[in-house]
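Listed below are the residues making up each chain.
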Amino acid sequence: MEEFVEAAVRQGFTAYGISSHAPLPFSTFWTLNRTKVPAYLAEFRRLKKKYKEEIELYVGMEIDYLNPEQHPATDYFQHLPLDYRIGSVHLIYTPAGQIIDTDTSPENFRKLWKEKFQGDLRRLLETYFEASMRLVEAGGFDFVGHANKIFYNAEQSCPGITEEDWYKKKLSDFFVFVAEKGLMVEINTKAYIQKGCFFPSIRDWKILQELQIPLVVNSDAHRPELIHAGRAEALQQLKEKGFKTVMELREGKWQEMPIV
Ligand SMILES: [Zn+2]
């Protein structure tokens, strides 16, 4: 955690948020274990104090919608002393009731829909959107993490599928629901350098603009050297598309900041 904070200070950030993947009801290689949450929060408090003259620090978690028992609005996550919560969907249930991770390589994704969804990619994508709708319905978080990230893998498997009317309808229904609930959406820049796209992709920004959904630009870095990766490019693109502001957490409040 301290390496991220040092990188943020070095890169001239004036405010920075740390958000581990939240605990799931089972262990994975990519999530924090529940038993480690007190240590996570204690380490954050230590750093907040140590760097208080240099940077505003915030602690959050990226919390999965998995099922009605596991999502950001549960008592457990609501009672943790977090400054912000991100709501995301990575995992979905197969027709046989198995949990699979959609946030995977295109090769693995292709295997998943062929083997676990009997070759029915549309059904897999619909399941992803159902989970995304339930996430928004449950609420309890500040912004949606990497909305529509699945489009990348879907397009790699079956070019053009995300241009089909039913897909576009699912996506617009999702953003309309996000707007109704007053939630923010993240522009996730993690894949920009490698894959040249943001999540949600530029193609989807028009609808965000029409719905006037507030945006947060994040690198989802996973590594200290990547905390700024793709952010300047995303902000530049937003500006070119006519967006005037993004949201930032400052002095403990979400504030609308002009894109300069
Ligand atoms: Zn994520």
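Each remark here, short or long, concerns the structure printed above.
All figures in this text were calculated on a predicted structure; none of them were measured in a lab.

Asks: Now, about the overall build of the protein: what can you tell me, with residues and values included?
Replies: The secondary structure content of the protein amounts to 10 helices and 10 strands. The C-alpha radius of gyration computed for the protein amounts to 18 Å, which stays within 12% of the reference 18 Å derived for 260 residues, consistent with globular compactness. Seen through its C-alpha atoms, the protein measures out along the principal axes to roughly 55 × 45 × 35 Å. Looking at the protein as a whole, 51% of its 260 residues are labelled buried. Excluding contacts between residues fewer than 6 apart, the proportion of contacts in the protein whose partners are at least 24 apart in sequence is 66%. For the protein, the accessible surface area stands at approximately 12900 Å², while carbon and sulfur atoms represent 49% of it. Across the protein, 33 positive and 37 negative side-chain charges occur, with their mean positions spaced 1 Å apart.

Asks: Could you give me a rundown of the pattern of salt bridges, with the residues and numbers involved?
Replies: Across all of its chains, the model carries 11 salt bridges by this definition. Where Glu2 meets Arg46, a salt bridge forms, and the shortest distance between an N and an O atom there is 2.8 Å. With a gap of 44 residues between them, Glu2 in helix 1 (residues 2-10) and Arg46 in helix 2 (residues 37-50) connect regions that are remote in the sequence. Arg46 sits in the partly exposed class, given a relative accessible area of 38%. Here Lys50 makes a salt bridge to Glu2, at a shortest N to O gap of 2.6 Å. Of this pair, Lys50 sits in helix 2 while Glu2 sits in helix 1, and the two are 48 residues apart along the sequence. Residue Glu2 is classed as buried on the basis of its relative accessible area, which comes to 18%. Here the residues in one salt-bridge network are Glu2, Glu43, Arg46 and Lys50, joined through shared partners.

Asks: Please give an account of the packing of aromatic side chains that cites residues and values.
Replies: If you walk through the whole model with that rule in mind, you get 13 aromatic pairs. Judged by centre distance (5.6 Å) and plane angle (90°), the ring pair of Phe13 and Tyr16 falls under edge-to-face. Owing to a relative accessible area of 15%, Phe13 belongs among the buried residues under this scheme. Looking at Tyr16, the relative accessible area reads 11%, which means it is buried. Taken together, a centroid distance of 4.9 Å and an interplanar angle of 70° make the contact between Tyr76 and Phe77 edge-to-face.

Asks: An account of helix 6 (residues 150-157) is needed here, citing residue identities and associated values.
Replies: Across the eight residues of helix 6, seven count as buried, placing the element largely inside the fold. When we look at burial in helix 6, the residues that qualify are Ile150, Phe151, Tyr152, Asn153, Ala154, Glu155 and Ser157.

About the cut-offs
Residues numbered from 1 in each chain as written. Predicted model: local features only at pLDDT ≥ 70, side-chain atom pairs only at ≥ 80, totals over all residues. Heavy atoms only, no water. Helix = DSSP H or I, 4+ residues; strand = E, 2+ residues; numbered from the N terminus. Rg over C-alpha atoms; globule rule 2.2 N^0.38 Å. Buried < 20%, exposed > 50% of the residue type's maximum accessible area, 1.4 Å probe, protein only. Contact = heavy atoms within 4.5 Å. Areas by Shrake-Rupley, 256 points an atom, 1.4 Å probe, with all protein chains shown as cover. Lys, Arg positive; Asp, Glu negative; His and termini not counted. Charge placed at Lys NZ, Arg CZ, Asp CG, Glu CD. Salt bridge = Lys/Arg side-chain N within 4 Å of Asp/Glu carboxyl O. Phe/Tyr/Trp six-rings, centres within 6.5 Å; stacked < 30°, edge-to-face > 60°.

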